[in-house]
Amino acid sequence: MKTFYTVLLLLVSNVFMTFAWYGHLKLQQMKISSSWPLYAVILFSWMIALAEYSCQIPANRIGFAGNGGPFSLMQLKVIQEVVTLVVFTLFTTLFFRGESLHWNHFAAFACLVMAVWFVFMK
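Quick summary incoming for the structure in this document. Fair warning: this is a prediction, and the values are worked out from it, not measured in the lab.

1. Digging into the nonpolar core
At step 1: In terms of nonpolar packing, the biggest core is built from seven residues, these being L10, A59, F71, L76, I79, V83 and V87.
At step 2: Considering every element that reaches this core, the biggest residue donor is helix 3 (residues 73–95), with four residues.
At step 3: Not counting chain neighbours up to four residues away, the residues in contact with L10 comprise Q56, A59, N60, I79, Q80 and V83.

If you want it as structure tokens, here you go:
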């Protein structure tokens, strides 16, 4: 179950992170935050990032082998990066219609899949 909870929390964490880092750009496109000063956009993103950290930290604590979890630090980091790119890709293609996937993006994803395979090799 620790594997499941770790990956689930990383997924939720990365949804919040993606919205914190890139959501303000969509709000700007929608003319919701286009008149906000930069400090307001930063504070708004920090509020979202608090939710991200509230999931990321428990995911790392639950998943880390030093705490009885199933993953080494390297494995946790690679899992987190793959989850980040999956979430980011979905976010970008759903919310930013001008962005599209190209062959080089798929090649990069294949490299990440290989990175996961390598990091879990014994």
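2. With respect to the packing of aromatic side chains
At step 1: Evaluated as defined, the whole model comprises eleven aromatic pairs.
At step 2: For the pair F91 and F95, a centre-to-centre distance of 5.1 Å together with 45° between the ring planes defines the contact as tilted. On the criterion of helical spacing, the pair formed by F91 and F95 is a turn pair, its members being four residues apart in helix 3.
At step 3: When its relative accessible area of 6% is taken as the criterion, F91 is described as buried.
At step 4: Classification of F95 by relative accessible area gives partly exposed; the value is 35%.
At step 5: One aromatic cluster is present, built from ring pairs that chain together F19, F91, F95 and F96.
At step 6: The positively charged end of K26 is found above the aromatic ring belonging to F96, 5.7 Å away from the centroid.

3. Things to note about helix 1 (residues 2–29)
Structurally, the α-helix is built with 3.6 residues per turn, so residues lying three or four positions apart point the same way.
At step 1: With 28 residues, helix 1 should cover 40 Å at 1.5 Å per step; its first-to-last C-alpha distance of 39 Å lies within 8% of that length.
At step 2: Y22 marks the point of greatest bend in helix 1, at about 50°.
At step 3: Along helix 1, the positions that sit buried rather than exposed are T6, L10, S13, N14, M17, T18, A20, G23 and L27.
At step 4: Looking at the buried side of helix 1, the elements it contacts are helix 2 (38–63) and helix 3.

Procedures and definitions
Residues numbered from 1 in each chain as written. Predicted model: local features only at pLDDT ≥ 70, side-chain atom pairs only at ≥ 80, totals over all residues. Heavy atoms only, no water. Core = buried A, V, L, I, M, F, W, Y, C linked by side-chain atoms within 4.5 Å. Buried < 20%, exposed > 50% of the residue type's maximum accessible area, 1.4 Å probe, protein only. Helix = DSSP H or I, 4+ residues; strand = E, 2+ residues; numbered from the N terminus. Contact = heavy atoms within 4.5 Å. Phe/Tyr/Trp six-rings, centres within 6.5 Å; stacked < 30°, edge-to-face > 60°. Lys NZ or Arg CZ within 6 Å of the ring centre and 35° of its normal. Expected span 1.5 Å × (residues − 1). Bend = angle between axes of the 7 residues up to and from the residue.

As far as function goes, none of this settles anything; it's purely spatial.
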